[in-house]
Amino acid sequence: MTDLEQNSMDNENVSMEAAMESVHEVQVGDIVKGEVLALEDKQVIVGIEGAGVEGVVPAKELSTLPVEDINDEVKVGDILDLVVISSIGKDKENGSYLLSKRRLDAKKVWEDIEQEFQDGKIIEAPVTSSVKGGLVVDVGVRGFVPASMIDDHFVDDFSVYTGKTLKFKIIEIEPSENRLILSHKAVVEAEKAEKKKEILSDLYEGQVIKGQVARLTDFGAFIDLGGIDGLVHVSEISHSHVAKPADVLSVGDEVEVQVLSVDPEKERISLSIKANLPGPWTDIEEKAAPGSVLEGTVKRLTSFGAFVEIFPGVEGLVHISQISHKHIATPHEVLHEGDQVQVKVLEVHPEDHRVALSIKALEEKPEEAKEEPAEEEHYEMPEENTGFTMGDILGDALKNDDSEEQE
């Protein structure tokens, strides 16, 4: 044998020894790389790198998602990361192994989810189906949303969420038991709380904004301002009297409101609708010009006169001396609350919200009326602010006495 032939044989032996040393025995649980050699109907044949043997990946072990066609998942020549599930065949040296890509992917998903859980992150995932107790979600592994954690309001039909991609907070995770509990409700509540905080920080007294009637109660209307409700008390709905909010408002109505006050700590917002409406005293000099004749309703009677509502929210005073040409001791002798009367406007003072009215000015004075001895009249100040002063009341009476003496 020549030296050349001897060297060639030595090189072949070295190469064979190196190749044998590079081949390692495959153990269950090993993570290996496999080259796709062939695609069959329900499985993929791969060559395990460094082992010199083939392995089989069933279609169900290709992905964490259902596989309808393996050709959509892999192609010949692809290199896959796989985990060894078990060995198959009698001869281990030349036998094949059952492999899984799905389980390796799921392990990585669980690791990622655990990290997101520790970081308090919110995840997004599609809802794959609805079951009796809640929703099934795909986050690479199966997640479950209990019925009580689906939304912040009662949900009757869970199927409306199927196919939707929603945000979830991770509530509980246990990879060893494939247990992953998620909550969409927690995300909704957190988003609403943040929205409330944002709205409250932007609101200020006197601000005019638009909202929608969300709820009606006997004491007022709750207005949705885009994430938080404000209250319009029944007294702030209209300048005229409102018995119940439902008499003038309906749920869903778009309204313009003015902010009266904001309490960020208690998340309370007081609103007013009437503050943006023309007041009852607006243009009163045009609506009730001196000398004009109007029809009104007797609202209140006092010892010094009668308050007559001539427009919603506008009351004028008919002094006792302007009720009748005949002498009367009290207005109650000829008037009653609720009476409809015709009145003549004597004076208008818009800035003081005062209108002086007369009933007798529209009645003809009896020709043969005998002048009766004057009696001392008693006046009392009204208990509430009527806009009229004691000087106004006494002044009108004195002027009336002077005019009667001149006649």
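The structure this text deals with has already been given above.
Conventions adopted
- Numbers given for residues are sequential positions, taken from 1 along each chain in its written order.
- Selection of residues for local features in this predicted model requires a pLDDT of at least 70, selection of side-chain atom pairs for listing and counting requires 80 or more, and totals for whole chains, interfaces and linings are taken over all residues.
- Excluded from the side-chain calculation are hydrogens and water; included are all heavy atoms of the structure.
- Pairing between strands is defined by DSSP: at least two bridges between them are needed.
- Every helix listed is a DSSP run of H or I at least four residues long, and every strand listed is a run of E at least two residues long, numbered separately from the N terminus.
- Note on definitions: angles span 0 to 180 degrees between N-to-C directions of axes, and those axes are lines fitted to C-alpha atoms, for helices only across the stretch in contact.
- Burial classes: relative accessible area under 20% of the type maximum marks a residue as buried, over 50% as exposed, and values in between as partly exposed (1.4 Å probe, protein chains only).
- Pairing of N or O atoms within 3.5 Å defines a polar contact, subject to two protein rules: one partner must be a possible hydrogen donor and the other a possible acceptor, and residues neighboring in sequence count only if both atoms are side-chain atoms.
- Whether two residues are in contact is decided by their heavy atoms: any pair within 4.5 Å suffices.
- One speaks of a salt bridge when a side-chain nitrogen belonging to Lys or Arg is within 4 Å of a carboxyl oxygen belonging to Asp or Glu.
- Exposure above 30% relative accessible area and no salt bridge define the residues that can form patches, which grow by joining like charges within 9 Å and nonpolar side chains of Val, Leu, Ile, Met, Phe, Trp and Tyr within 5 Å.
- With residues, only the protein chains shown are counted as cover, and all accessible areas are computed by Shrake-Rupley using a 1.4 Å probe.
- Here Asp and Glu are counted as negative and Lys and Arg as positive; His is not counted, and neither are the chain ends.
- Positions of charges follow a simple convention, taking NZ of Lys, CZ of Arg, CG of Asp or CD of Glu.
- A helix's residues, less one, multiplied by 1.5 Å, set its expected span.

Engineer: What is the right way to read the sheet that holds strand E14 (residues 254–263) from this model?
Structural biologist: The strands making up a sheet are joined through hydrogen bonds of the backbone, oriented either antiparallel or parallel. If you trace the five strands once around the closed barrel, you get E11-E12-E13-E15-E14, paired in mixed fashion. The mean inter-strand angle of the sheet, taken between neighbouring strand axes irrespective of direction, is 55°. Two elements, strand E11 (residues 208–216) and E14, share five bridges in a ladder whose sense is antiparallel. Its bridge partner lying in E14, Gln212 is registered against Glu254.

Engineer: Before we go on, may I ask you to explain the pairing of strand E13 (residues 229–233) in this structure?
Structural biologist: Where a strand is regular, its side chains alternate between the two sheet faces. Residues of E13 alternate between two faces, with Gly230 and Val232 buried on one and Asp229, Leu231 and His233 left unburied on the opposite face. In this antiparallel pair of consecutive strands, strand E12 (residues 220–224) and E13, the connection spans four residues, and Gly226 shows a positive phi of 100°. As judged from the two bridges shared by E13 and strand E15 (residues 268–272), these two strands associate in the parallel manner. Looking at E15, one finds that Leu231 is bridged to Ser270.

Engineer: What is the right way to read the pairing of strand E3 (residues 53–58) from this model?
Structural biologist: Of all six residues in E3, five are buried, a share of seventy percent or more. Pairing of strand E2 (residues 43–48) with E3 involves six bridges; the strand directions are antiparallel. When the sheet's bridge partners are listed, Gly47 is paired in E3 with Glu54. Turn length for the E2-E3 hairpin, with the two strands adjacent in sequence and antiparallel, is four residues, and the turn residue Gly50 shows positive phi of about 80°. Relative to strand E5 (residues 96–100), E3 runs parallel, the two sharing two bridges. Within E5, the residue paired with Gly55 across the bridge is Tyr97.

Engineer: Would you mind going over the side chain of Ser358 with me for this structure?
Structural biologist: One can find Ser358 in strand E20 (residues 354–358). A polar side-chain atom of Ser358 sits 2.6 Å from a polar atom in the side chain of Gln322. Excluding residues that lie within four positions of it along the chain, Ser358 makes contacts with Val318, Gln322, Gln342, Val343, Lys344 and Leu346.

Engineer: When you look at the sheet that holds strand E19 (residues 340–349) in this model, what are you seeing that I'm missing?
Structural biologist: Around the barrel, five strands lie side by side as E16-E17-E18-E20-E19; this closed barrel has mixed pairing. The average angle at which neighbouring strand axes cross in this sheet is 50°, direction not considered. Where strand E16 (residues 293–302) lies against E19, five bridges are found, and the strand directions are antiparallel. Its bridge partner being in E19, Val293 is matched across the sheet by Lys344.

Engineer: Teacher, can you tell me more about the environment of His319 here?
Structural biologist: Mapped onto the fold, His319 is located in strand E18 (residues 314–319). Given a relative accessible area of 1%, His319 falls into the buried group. Expressed as a C-alpha distance, the spacing of His319 and Ala356, which sit 37 residues apart in the sequence, is 7.8 Å. Only 2.8 Å separates the side chain of His319 from the side chain of Ser321, close enough to count as a polar contact.

Engineer: Even after reading the chapter, I still don't get the pattern of salt bridges, so can you show me in this structure?
Structural biologist: Two side chains bearing opposite charge may form a pair once their charged atoms approach each other closely. Tallied over the entire structure, the rule returns 13 salt bridges. When the shortest N-O distance is used, the salt bridge between Lys101 and Asp105 registers 2.8 Å. Residue Asp105 is classed as partly exposed on the basis of its relative accessible area, which comes to 28%. Residue Lys196 is joined to Glu267 by a salt bridge in which the shortest nitrogen-to-oxygen separation is 3.7 Å. Of the two residues, Lys196 is situated in helix H3 (residues 185–202) and Glu267 in the loop between E14 and E15; the sequence distance between them amounts to 71 residues. Take Lys196: its relative accessible area is 26%, and that puts it in the partly exposed class.

Engineer: Mind showing me how you'd approach the side chain of Ser183 here?
Structural biologist: On the secondary structure map, Ser183 appears in strand E10 (residues 179–183). There is a polar contact of 3.0 Å between the side chain of Ser183 and the backbone nitrogen of Ala186. The residues contacting Ser183, other than those within four sequence positions of it, are Val145, Met149, Lys167, Phe168, Lys169 and Ile171.

Engineer: Mind showing me how you'd approach unusual backbone geometry here?
Structural biologist: For residues that are not glycine, phi is negative in most cases, and the peptide bond is trans in most cases. Backbone geometry places Glu267, a non-glycine residue, at a positive phi of 55°. Judged by its relative accessible area of 38%, Glu267 falls in the partly exposed class. In this model, Asp283 sits at a positive phi of 60°, which is unusual for a non-glycine residue. Mapped onto the secondary structure, Asp283 falls in the loop between E15 and helix H4 (284–287).

Engineer: Is there a simple way to explain a negative patch on the surface in this structure?
Structural biologist: The grouping of Asp283, Glu285, Glu286, Glu351 and Asp352 at the surface amounts to a negative patch. Looking at the element boundaries, Glu286 is found in helix H4. A relative accessible area of 67% places Glu286 in the exposed class.

Engineer: Before we go on, may I ask you to explain H3 in this structure?
Structural biologist: Under the 1.5 Å per step criterion, the end-to-end length of H3 is 26 Å for 18 residues, consistent within 8% with the ideal 26 Å. Those residues of H3 that fall on the buried side of the exposure criterion are Val187, Val188, Ile199 and Leu200. In the core, the buried residues of H3 are packed alongside strand E6 (122–131), strand E9 (165–174), E10, E14 and E15.

Engineer: Would you take a moment to explain helix H2 (residues 102–119) for this structure?
Structural biologist: The periodicity of an α-helix, 3.6 residues per turn, causes residues three or four positions apart to be oriented the same way. Spanning 18 residues, H2 covers 25 Å between terminal C-alpha atoms, matching the ideal 26 Å at 1.5 Å per step. Taken together, the buried positions of H2 are occupied by Leu104, Ala106, Val109, Trp110 and Ile113. Where H2 is buried, its residues contact strand E1 (31–39), strand E4 (79–88), E5, E9 and E10.

Structural measurements only, silent on function.
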